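# Secondary and tertiary structure notes
Residue strings, one per chain:
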Amino acid sequence: MPDPTLRPYRPADRAACLALFDSNMPSSFLPHERAEFIEWLDGLDGSSSEACEYSVVEDAGQAVACGGIWWGGDPQRPAGFAWGMVARDLQRRGYGTRLVLARLERLRELGVAEVHLDTTQHTAPYYARFGFLEMGRVPDGYGPGLDRVDMVAQLERSGA
Ligand SMILES: CC(C)(COP(=O)(O)OP(=O)(O)OC[C@H]1O[C@@H](n2cnc3c(N)ncnc32)[C@H](O)[C@@H]1OP(=O)(O)O)[C@@H](O)C(=O)NCCC(=O)NCCS
């Protein structure tokens, strides 16, 4: 079987990425967040004011996961992860790890020292495995039943 590949998002991936989002709704994403995700995807054509990149993990020709990074904005929140997700029925097979490690590597290349993310109470323990520390938690912060957990990781410089 071919190994999964990680490649840059293309506009033709839009429907597949929305299907990945939908597969995780409402367990991890709430319906009102769908419009925000569409705005993110549609801003990847360079029209967004923020520097950002989005990647797709493809396995056997199928988009199985996607996740992004942004950087260079507010000095208090210099860079971070955005919209990371794996198809609901394909989780716990390593696709998420592939995405996390690639994104951390890319941010290191960009000279980023501190990576922010926000996620739900269900996924915070997952990111903690990669060195993210909880900085705050808002009960029902995304909507009923989904707390918002803010997390930060410090990156070591490449080759350090
Ligand atoms: C969170 C997510 C990206 C993880 O991706 P994944 O492909 O399922 O995870 P992996 O297979 O890489 O898991 C690696 C390890 O983390 C563990 N793990 C997976 N999900 C976990 C969780 N929610 N909490 C704690 N550990 C978790 C796995 O058991 C595995 O452990 P092992 O190496 O000891 O076997 C995926 O579950 C997902 O898309 N969730 C829904 C969307 C979401 O919440 N995204 C984040 C907010 S933007």
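Check the entry above for the structure.
Residues numbered from 1 in each chain as written. Predicted model: local features only at pLDDT ≥ 70, side-chain atom pairs only at ≥ 80, totals over all residues. Heavy atoms only, no water.

### Digging into the state of the cysteines
- A full pass over the atoms with the stated rule returns zero disulfides.
- No disulfide involves Cys17; its nearest neighbouring cysteine sulfur is the one of Cys66, lying 3.9 Å away.
- Residue Cys17 is classed as buried on the basis of its relative accessible area, which comes to 0%. (Disulfide = S-S within 2.5 Å. Buried < 20%, exposed > 50% of the residue type's maximum accessible area, 1.4 Å probe, protein only.)

### Overview of the pairing of strand E4 (residues 79-86)
- Most of E4 is tucked away, with seven of its eight residues classed as buried.
- Here strand E3 (residues 62-71) runs beside E4; their pairing, made up of six bridges, is antiparallel. By the bridge assignment, Cys66 is partnered in E4 with Met85. (Helix = DSSP H or I, 4+ residues; strand = E, 2+ residues; numbered from the N terminus. Pairing = 2+ DSSP bridges.)

### Some thoughts on the pattern of salt bridges
- This model, assessed by the stated rule, comprises 12 salt bridges.
- Of the charged contacts, one joins Arg77 and Asp118 as a salt bridge, the two residues approaching to 3.7 Å between their closest N and O atoms. Placement of Arg77 in the loop between E3 and E4 and of Asp118 in strand E5 (residues 114-119) is noted, with a sequence separation of 41 residues between them.
- Judged by its relative accessible area of 27%, Arg77 is partly exposed.
- Ionic contacts of the salt-bridge type, sharing partners, join the residues Arg77, Asp118, Arg148 and Asp150 into one network. (Salt bridge = Lys/Arg side-chain N within 4 Å of Asp/Glu carboxyl O.)

### Topic: the environment of Trp70
- Position of Trp70 among the secondary structure elements: in strand E3.
- When its relative accessible area of 10% is taken as the criterion, Trp70 is described as buried.
- Along the backbone, Trp70 and Arg98 are 28 residues apart, and their C-alpha atoms lie at a distance of 18 Å.
- Ignoring anything within four residues of it in the chain, the contact list for Trp70 reads Glu50, Ala51, Cys52, Arg77, Pro78, Ala79, Gly80, Phe81, Ala82, Leu107 and His116. (Contact = heavy atoms within 4.5 Å.)

### As for the site of the ligand
- The full set close to the ligand counts 20 residues, and Gly84, Val86, Arg92, Gly94 and Thr97 are the nearest of them.
- Here Tyr126 contributes a side-chain N or O atom positioned 3.2 Å from an oxygen atom of the ligand.
- Relative to its free-state accessible area of 920 Å², the ligand is covered by the protein chains to the extent of 76%.
- Looking at side-chain class alone, the shell around the ligand contains seven nonpolar, 10 polar and three charged residues. (Near = heavy atom within 4 Å. Polar contact = N/O pair within 3.5 Å; in protein donor to acceptor, adjacent residues only side chain to side chain. Areas by Shrake-Rupley, 256 points an atom, 1.4 Å probe, with all protein chains shown as cover. Nonpolar A, V, L, I, M, F, W, Y, C, P; charged D, E, K, R; others polar.)

### Topic: the side chain of Asp13
- The residue Asp13 is located in the loop between strand E1 (5-8) and helix H1 (14-23) in this model.
- In this structure, Asp13 is in contact with Arg7, Pro8 and Val56, ignoring residues within four places of it in sequence.

### Remarks on the packing of aromatic side chains
- In total, this model carries 13 aromatic pairs according to the counting rule given.
- Pairing Phe29 with Trp83 gives two aromatic rings, centres 5.8 Å apart and planes at 50°, and the pair type is tilted. Remark: Trp83 occurs in strand E4 and Phe29 occurs in the loop between H1 and helix H2 (33-42); sequence separation between them is 54 residues. Pair check on accessibility: Phe29 and Trp83 agree, each one buried.
- In this structure an aromatic cluster arises from ring pairing among Tyr9, Phe21, Phe29, Phe37, Trp40, Tyr54 and Trp83.
- Taking the ring centre of Phe81 as reference, the NZ or CZ of Arg103 above it sits at 4.0 Å. (Phe/Tyr/Trp six-rings, centres within 6.5 Å; stacked < 30°, edge-to-face > 60°. Lys NZ or Arg CZ within 6 Å of the ring centre and 35° of its normal.)

### Here's the deal with the packing of H1 against H2
- Closest axis-to-axis distance for the H1/H2 pair is 11 Å, and the angle between their directions is 150°. Viewed along their axes, H1 and H2 adopt a mutual orientation that is roughly antiparallel. The crossing of H1 and H2 is right-handed. Across the interface between the two elements, Arg14, Cys17, Leu18, Phe21 and Asp22 of H1 pack against Glu33, Arg34, Phe37, Ile38, Leu41 and Asp42 of H2.
- The class makeup of the residues in the contact of H1 with H2 is six nonpolar, no polar and five charged. (Axes fitted to C-alpha atoms, helices over the stretch in contact; angles between N-to-C directions. Parallel < 35°, antiparallel > 145°, perpendicular 65-115°, else oblique. Left-handed = near helix turned anticlockwise from the far one by under 90°.)

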